[in-house]
Amino acid sequence: MSAPFCNVALPVPLRTTFTYSVPESLRAAVLPGCRVLVPFRKKSLVGVVVECVEKAPAGTKLRDIARVIDLIPALTPKLIDLGQWIANYYLAPIGEVFRSMLPPVTELSAQREVALTAAGRAIAEEQNQNFLMAESGGEESRLLIALLKKGKPVSLGAAAKLGVSAELLQKLQRRGLLEIREIVKGRKRKTQRIVAWKGEGAGKPNEAEKLERLRALLETERGPLPLPQLLKLAHVSRSLMERLLRENILTSWEEPLDAAEDPFDSGYEPPAHTLNPAQESAFGAIRARFELGEFGVQLLHGVTGSGKTEVYLRAVQDTLARGKTAIVLVPEIALTLWMGRQCRAWFGAQFEGVVVLHSALSDVERAREWWRVRHGEARVVVGTRSAVFAPLENLGLIIVDEEQESSYKQEETPRYHGRDVATVRAKLENALALLGSATPSLETYHHAREGKYELLTIASRVASRPLPSVEIVSLRDEFQQTHKTSPISSALHVGIQECLNAGTQALILINRRGYSWSVLCRSCGASVQCVNCSISMTHHKSRNRLECHYCGSIQQIPKQCPKCQSQYVYFFGEGSEHLEERLRKEFPQARVARLDRDTARTKRQFQETLGAFAVGALDILVGTQMLAKGHDFHRVTLVGVVSADASLSMPDFRAAERTFQLLTQVAGRAGRGELPGRVLIQTYYPEHYAIQDAVNQDYAAFFDRELHFRRVMAYPPFTSLANVIIRDTSLEKAILWSRQLSEYFAPHNDEGVRVLGPAAAPLAKLKSEHRFQFLLKSKSRAKLTRLLSGALAFCDAKEIPQTAVLADVDPLSLL
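These numbers were taken from a predicted model, which means no experiment stands behind them. All chains use their own residue numbering, which begins from 1 and follows the written sequence. Where local features are concerned, this predicted model is filtered to residues with pLDDT of at least 70; where side-chain atom pairs are given and counted, the filter is 80 or more; whole-chain, interface and lining totals use all residues. Side-chain metrics rest on all non-hydrogen atoms present in the structure, leaving aside hydrogens and water.

1. Overview of the overall build of the protein
Right, so step 1: Labels follow the DSSP assignment, with helices taken as runs of H or I lasting at least four residues and strands as runs of E lasting at least two, numbered in each case from the N terminus. When helices and strands are counted, the protein shows 24 helices and 33 strands.
Right, so step 2: Compactness check: the protein gives a C-alpha radius of gyration of 30 Å against a globular reference of 28 Å for 815 residues, within 12% of the reference.
Right, so step 3: With the principal axes as the frame, the protein shows a C-alpha extent of 100 × 85 × 50 Å.
Right, so step 4: Exposure classes here rest on a 1.4 Å probe applied to the protein chains alone. A residue is buried below 20% of its type maximum, exposed above 50%, and partly exposed in between. Looking at the protein as a whole, 55% of its 815 residues are labelled buried. With the radius of gyration taken over C-alpha atoms, the globule rule is written as 2.2 Å times the number of residues to the power 0.38.

As structure tokens, this is what we get:
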């Protein structure tokens, strides 16, 4: 390509591309998908070339591209198409979309190197043996032969010293004779040695006890472990460990120290390499879809503990066997390393093709791993939401685990949903999208019911383990009997005592941090509000202060009411800190710990608490919803949910769905080992269908009831939804802009789109900004997009700042 102009997407909040002139010397290097350095106003920005064009806009004086950063395009053509789809669907600035798809620009100082491909090596060897052929080949032959004699890739600077032009390099690259790589230079990566059980040797008879302890740790309790940690837990010598590695009883590999290293070792279920009939049936359907060789979406609906991970790994294995690549998305950074190790344990320690991508990696690490993927050095990418943009070629499979999780939705521009982007990418790549969940989102399950997706079901747990028995504890009845309010009902107290007597463990969930929800005045009824947000401050007793969980502001505990100066200040509601204190008082002999954002400020604290619980060093673990999923504690026989209906009172149409999902997921933590499990759900609203169906663990019944509500109220999946927020630190400006936008919406209301608002948002003030809300509903996605696009253009024309207008398509939260 040698077009004189190109359209460049820049990371600015403008929904357009910018045309630049391409200097003659750079035309061979400027390709769609490569990054370029360009002048923009009074500074330089890094942008992405979207397309090369022959004609420039008339009457415009164009500026030149200053520099080409990538000699090979960073984005493939299909990823460019995906970025444009995201920009159009979510009405996001195209440059900001591409910025979120690319690694950090730390690699501007990266080293580029030139290497022969297999085809280039063959031609170079032939010409090296034939003098006349080499002479007739001219400059091309001299370069190929020089690279052959070097025997290894050479830097771009070294290639330039051979008198080679950039045009020649590009030409040979297009012919498939050369490969130009981007090598990110950074500090040498620290690694750790990971040890796993292999079990091929027998060992000495007098070592049977030690071997059994090692096998239990590495296969059942923890999974593959770093060598120092294994030595400490197993109480064995390093010399014994080295000998067991030589005898193939153990195996090991080097793994980079990961910034997100998490308690994989406390919730580990080893890959079984064998599938039960239900898993085999699901995998058979996946394999049949592979055989078709066309795009498709499958929903793997398996109850908690049914072994969905085994099916994922088998599907990845089948994908690799077909010569294709795979992406595995997980909802939390905590699970990326765990899933990566599952892959290594499944495919063997020698398998180097797994890359883990997430935001907790350093910029240099992310860039290095991203370019490894771009150069084809990895065939499996495991990561969080943004890993859906991994530049894999020949993609065959995208897995989205726990597809209902809200963490797949990005809360800043571009506000894309990782699950939906995964299905669109699978369509562009002619690949399979496999969505998995025990509690699928209503929209996904509706698509499966309607035949848009293929539904695969695993209705029972692995090893025929029974689902736990679930019981409701009515707190209304409890109060009538005891005339006391306590976070621990008499039934939950008895259940915990039975656990302690039996030597098993209890997991207690309360989905509120802190000691008390709010501070109230008993004289005037006023609560202590955050100065920046329209929300009550939360009391944290251990820190002796009030905190806002939205903006992080801190206040001292008032000795009198700030409104009426009354002395009757009351702490209302129980949080996880209060519950922990109460459990310590009621069960003084028990070993109690709490796990929430306050106690797990660091990765090490999080890891130590979960690790201690996993090995039985704790009897009772209190925590927030971070305990509800992803962990596999075999000694837990009781799960107590203290305030099951707290989320039902949220002003959000998904409140019932979230409550059902949370209760089902937390119930799935009980009875995952050989011991039967029991779940106690405390609620003031035992009649609500979300709680009743969670007790019966009947997803289909909940789906039917919730779907009826959505149909009557015209909510997704029956309508498309958009949430528009107008915000500013000035209340007057926020009101003025809301009125102006309301005037634009008024003529279009009920023309295929229903506009609700403007109204004060449920969180009317957040981080010092006043917020007003419009809610747009439409059965036509096209009409909704058209109206939103017009509204954003109207705001630009009225000079309403783009930062003041927040348009969220397919919102997960209406707060």
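Continuing now.
2. Thoughts on helix α11 (residues 308-321)
Right, so step 1: The length a helix should cover is 1.5 Å for every residue beyond the first. The terminal C-alpha atoms of α11, which comprises 14 residues, lie 20 Å apart, in line with the 20 Å expected from a rise of 1.5 Å per residue.
Right, so step 2: With 12 of 14 residues buried, α11 lies mostly within the body of the structure.
Right, so step 3: Among the residues making up α11, those that are buried are Lys308, Thr309, Glu310, Val311, Tyr312, Leu313, Arg314, Ala315, Val316, Asp318, Thr319 and Leu320.
Right, so step 4: Phi turns positive, to about 80 degrees, at Gly323, one or two residues after α11.

3. Overview of the sheet that holds strand β30 (residues 720-728)
Right, so step 1: Pairing between strands is defined by DSSP: at least two bridges between them are needed. An order of β31-β32-β30-β33 is seen for the 4 strands of this open sheet, with the pairing classed as antiparallel. Every other strand in the sheet has two partners, leaving β31 (754-766) and β33 (805-809) as the edge strands with one partner each. Pairs of neighbouring strands in the sheet enclose a mean axial angle of 20 degrees, with direction left out of account.
Right, so step 2: Where β30 meets strand β32 (residues 769-778), 9 bridges bridge the pair, whose relative direction is antiparallel. Among the inter-strand pairings, Ile725 is bridged to a residue of β32, identified as Gln773. Whenever a helix is involved, its axis is fitted only over the stretch in contact; in every case the axis is a line through C-alpha atoms, and angles between N-to-C directions fall within 0 to 180 degrees.

4. Side note on the side chain of His446
Right, so step 1: Position of His446 among the secondary structure elements: in helix α15 (residues 442-449).
Right, so step 2: Given the relative accessible area of 12%, His446 is considered buried.
Right, so step 3: In what follows, residue pairs with any heavy atoms lying within 4.5 Å of each other are defined as contacts. Ignoring any residue separated from it by four or fewer positions in sequence, one finds His446 in contact with Phe703, Leu707, Pro717 and Phe718.

5. Some details on the pairing of β31
Right, so step 1: Two strands pair when backbone bridges link them, and β31 and β32 are joined in this way by 7 bridges, in the antiparallel orientation. Bridge assignment links Val755 to a residue of β32, and that residue is Leu776.
Right, so step 2: What sits between the antiparallel neighbours β31 and β32 is a turn of 2 residues, in which Lys767 has the positive phi angle 50 degrees.

6. Here's the deal with the sheet that holds strand β24 (residues 554-555)
Right, so step 1: Across the sheet, 3 strands lie side by side as β22-β23-β24; this open sheet has antiparallel pairing. Here the strands that pair on one side only, and so sit at the sheet edges, are β22 (538-540) and β24.
Right, so step 2: Across 3 bridges, the pairing between β22 and strand β23 (residues 545-547) is antiparallel. Looking across to β23, one finds that His540 is bridged to Arg545.

7. Section: the confidence of the model for the protein
Right, so step 1: How sure the predictor is of each residue is captured by pLDDT, a score from 0 to 100. On average, residues of the protein score 86 in pLDDT, and 90% of them reach the 70 mark or higher.
Right, so step 2: Per-element confidence in the protein ranges from a low mean pLDDT of 71 for helix α5 (residues 156-161) to a high of 97 for helix α14 (residues 418-429).
Right, so step 3: In the model, residues 259-269 has pLDDT below 50 throughout and makes 57 contacts with residues more than four positions away in sequence or in other chains.

8. Digging into the pattern of salt bridges
Right, so step 1: A carboxyl oxygen of Asp or Glu within 4 Å of a side-chain nitrogen of Lys or Arg is what we treat as a salt bridge. All told, the structure shown has 45 salt bridges when counted by the stated rule.
Right, so step 2: Residue Arg584 pairs with Glu580 through a salt bridge whose shortest N-O separation is 2.9 Å. In this pair, Arg584 and Glu580 both sit in helix α18 (residues 576-586), 4 residues apart, roughly one turn of the helix.
Right, so step 3: A single network of salt bridges, built from pairs that share partners, joins Arg513, Arg543, Arg545, Glu547 and Asp598.

9. Considerations on the packing of aromatic side chains
Pairs of aromatic rings are described using the distance from one ring centre to the other and the angle between the two planes.
Right, so step 1: Paired rings are identified among Phe, Tyr and Trp, the last through its six-membered ring, by centres lying within 6.5 Å, and are further divided according to the angle between planes into stacked (under 30 degrees), edge-to-face (over 60) and tilted (the rest). One pass over the full model with this rule turns up 18 aromatic pairs.
Right, so step 2: Between Tyr89 and Tyr90 the ring centres are 4.8 Å apart and the planes differ by 70 degrees, which places this aromatic pair in the edge-to-face class. For the pair Tyr89 and Tyr90, one class covers both residues: buried.
Right, so step 3: Measuring from centroid to centroid gives 6.3 Å for Tyr699 and Phe703, while their planes differ by 25 degrees, and the two rings are stacked. Linking Tyr699 with Phe703, this pair stays in helix α22 (residues 699-713), spanning 4 residues, or about one helical turn. Assigned by exposure class, Tyr699 and Phe703 land together as buried.
Right, so step 4: Cluster of aromatic residues (ring-pair linked, three or more members): Tyr445, Phe660, Tyr689, Tyr699, Phe702 and Phe703.

10. What about the packing of helix α23 (residues 731-745) against helix α24 (residues 781-797)?
Between two packed helices, what matters for the description is the angle formed by their axes and the separation of those axes.
Right, so step 1: Where α23 meets α24, the axes come as close as 10 Å, and the angle between the chain directions of the two elements is 135 degrees. In terms of their interaxial angle, α23 and α24 are classed as oblique. By crossing handedness, the relation of α23 to α24 is classed as right-handed. Between α23 and α24, the residues in contact are Gln740, Leu741, Tyr744 and Phe745 and Leu787, Gly790, Ala791, Phe794 and Cys795, respectively.
Right, so step 2: Each residue is assigned to one of three groups, with Ala, Val, Leu, Ile, Met, Phe, Trp, Tyr, Cys and Pro labelled nonpolar, Asp, Glu, Lys and Arg labelled charged, and all others, Gly among them, labelled polar. Of the residues assigned to the contact of α23 with α24, the class counts are 7 nonpolar, 2 polar and no charged. By definition in this entry, angles of less than 35 degrees are roughly parallel, angles greater than 145 are roughly antiparallel, angles of 65 to 115 are roughly perpendicular, and the rest are oblique. Two helices that cross are described as forming a left-handed crossing if the nearer one is turned anticlockwise from the farther one by less than a right angle, and a right-handed crossing if clockwise.

11. A word on the packing of helix α8 (residues 227-234) against helix α9 (residues 238-246)
Right, so step 1: One can describe the packing of α8 onto α9 by two numbers: an axis separation of 11 Å at closest approach and a directional angle of 115 degrees. In terms of orientation, α8 lies roughly perpendicular with respect to α9. Judged by the sense of rotation from one axis to the other, the crossing of α8 with α9 is right-handed. Residue-level contacts link Leu227, Leu230 and Leu231 of α8 to Arg238, Met241 and Glu242 of α9.
Right, so step 2: A per-class count over the contact of α8 with α9 returns 4 nonpolar, no polar and 2 charged.

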